[in-house]
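Secondary and tertiary structure notes
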Amino acid sequence: MTTDAERLDANRRNWDERVPIHLASPYYDLAAFRAGRNTLHPFELEELTDVAGKALVHLQCHFGMDTLSWARLGARVTGLDFSNAAIEQARALAHELNIEADFVTSNVYDAVAALQQRQFDIVYVNMGSLVWLPDVHVWADIVAQLLRPGGRLYLLDGHPYSHVFGEEQLTVEVDYFSAEPMRWDEPGSYADANASTAHNTTFEWTHTIGSIITSLATAGLHIEFLHERAEAYYQRWPFLEHGAENTYRMPADMPTIPLTYSLMATKPHA
Ligand SMILES: C[S@@+](CC[C@H](N)C(=O)[O-])C[C@H]1O[C@@H](n2cnc3c(N)ncnc32)[C@H](O)[C@@H]1O
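Residues numbered from 1 in each chain as written. Predicted model: local features only at pLDDT ≥ 70, side-chain atom pairs only at ≥ 80, totals over all residues. Heavy atoms only, no water.

Our focus in this paragraph is the packing of helix H4 (residues 65–72) against helix H5 (residues 84–97). Taken N-terminus to C-terminus, the directions of H4 and H5 make an angle of 35 degrees; their axes are 10 Å apart at the nearest point. Relative to H5, H4 is oriented so that their crossing is right-handed. Contact residues: H4 offers Met65, Leu68 and Arg72, while H5 offers Ala90, Leu93, Ala94 and Leu97. (Axes fitted to C-alpha atoms, helices over the stretch in contact; angles between N-to-C directions. Helix = DSSP H or I, 4+ residues; strand = E, 2+ residues; numbered from the N terminus. Left-handed = near helix turned anticlockwise from the far one by under 90°. Contact = heavy atoms within 4.5 Å.)

It is a probe the size of a water molecule, rolled over the atoms, that shows where empty space is left. Applying the stated criterion across every chain yields a total of one cavity of 30 Å³ or more. Lining the largest cavity are Leu130, Val131, Asp157, Gly158, Pro160, His163, Trp205, His207, Ile212 and Tyr261. Taken together, the residues of the lining of the largest cavity sort by class into six nonpolar, three polar and one charged. (1 Å grid on protein atoms, 1.4 Å probe; cavity = no way out; pocket = protein on both sides within 12 Å on 5 of 7 lines; lining within 4 Å. Points joined across faces, edges and corners; volume = space filled by probe spheres on them. Nonpolar A, V, L, I, M, F, W, Y, C, P; charged D, E, K, R; others polar.)

What follows covers the environment of Ile99. Structurally, the position occupied by Ile99 is in the loop between H5 and strand E3 (101–105). Among the residues examined, Ile99 registers a relative accessible area of 14% and is labelled buried. In this structure, the C-alpha to C-alpha distance between Ile99 and Ser69, residues 30 residues apart in sequence, is 9.6 Å. Not counting the four nearest positions on each side in its chain, Ile99 is found in contact with Leu68, Ala71, Arg72 and Ala94. (Buried < 20%, exposed > 50% of the residue type's maximum accessible area, 1.4 Å probe, protein only.)

Right, let's get into the sheet that holds strand E11 (residues 248–249). Sheet architecture is open: three strands sit in the order E9-E11-E10, paired in antiparallel fashion. In this open sheet, the two edge strands, each paired with only one partner strand, are strand E9 (231–232) and strand E10 (241–242). For E9 and E11, the ladder comprises two bridges, and the chain directions are antiparallel. Directly across from Glu231, in E11, lies its bridge partner Arg249. (Pairing = 2+ DSSP bridges.)

Let us now look at the site of the ligand. Lining the immediate surroundings of the ligand are 17 residues, of which Tyr28, His62, Asp81, Val108 and Met127 lie closest. His62 places a side-chain nitrogen or oxygen 2.9 Å from an oxygen atom of the ligand. Separating an oxygen atom of the ligand from a side-chain N or O atom of Asp81 is a distance of 2.6 Å. Protein contact buries 95% of the 590 Å² of open area that the ligand shows by itself. Class assignment for the residues of the shell around the ligand results in eight nonpolar, seven polar and two charged. (Near = heavy atom within 4 Å. Polar contact = N/O pair within 3.5 Å; in protein donor to acceptor, adjacent residues only side chain to side chain. Areas by Shrake-Rupley, 256 points an atom, 1.4 Å probe, with all protein chains shown as cover.)

Counting buried residues in strand E2 (residues 76–81) gives five out of six residues, a clear majority hidden from the surface. Judged from the five bridges that link them, strand E1 (residues 55–59) and E2 form a sheet pairing that is parallel. By the bridge assignment for E2, Val57 is matched with Thr78. In this structure, E2 lies alongside E3, joined through five bridges in parallel fashion. Directly across from Thr78, in E3, lies its bridge partner Asp102. Read as a crossover between parallel neighbours, the route from E2 over H5 to E3 is right-handed. (Right-handed = clockwise from strand over helix to strand, strands pointing away.)

Right, let's get into the packing of helix H1 (residues 4–23) against H5. As a packed pair, H1 and H5 sit with axes 7 Å apart at the nearest point and diverge in direction by 35 degrees. Residue-level inspection shows Asp16, Val19 and Leu23 of H1 in contact with H5, the latter providing Asn84, Ala85, Ala86 and Gln89. A class-by-class count of the residues in the contact of H1 with H5 yields four nonpolar, two polar and one charged.

A few words on unusual backbone geometry. Among all residues save glycine, negative phi is the norm, and among peptide bonds the norm is trans. The backbone phi angle of Gln60 is positive, close to 60 degrees, even though this residue is not glycine. Position of Gln60 among the secondary structure elements: in the loop between E1 and H4. You will see that Asn98, though not glycine, has its phi angle at about 60 degrees, which is positive. When you line up the elements, Asn98 lands in the loop between H5 and E3. With a relative accessible area of 71%, Asn98 lands in the exposed category.

Written as structure tokens, this is what we have:
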């Protein structure tokens, strides 16, 4: 029997191996970032305002381009990821670009201790994050512990409804309601489908929109908004049309469905 700890180990090996692939990929376009490009979506800057001078922790920060983009806007940033390969690259990038930032190697589930009980003004979590976590209720509780009273969670992620469809077409192939993870054995990466890879087994969990909202409410957070979005940020299906800035949408002759969502939740003052 496979335990969640073993599943997370498999996921980490997969991510460690993909760090250099992503660094070299046009998808992440490191050269443009080095030249000053901000990797955040314009709507993120409209939804998560007033970051200058704020303490922001980015959970599951990968190699830190989005974290460092918030720093370029004046936030005092900390990035956390369980892939040490990713964190080493994030530190190197911050050093090279002379951007002040802390990066910490830790499982999200150990974040409170790894960050020494520090509290933040903003917890930031973005695309492709919650599917890697077996328990969204424990995650929400950790987010609440990381926020100071009055602090904000900003979450941008894939819409769980979009997970039920097959890889090639809109046929329902995967449970929406399932506590069990999906096991995938896929070489390459969303950033480079042809990359040669050895650690290809991953385990991913679908957390329903209801369970995400309920877990945040149960953790004592106040939901400010949930914006469902008709755009994805990678080629989720072959028929999606590529727009500006890594944005992919349904063609005009197909129905729209929610592909991503953004959410703001705040921690009330005691
Ligand atoms: C798709 S990235 C999200 C970051 C960002 N959207 C990006 O594309 O750069 C997912 C990240 O989650 C990290 N991760 C997965 N499971 C984790 C866990 N249990 N604890 C900490 N990090 C985890 C992976 O190492 C990876 O860097």
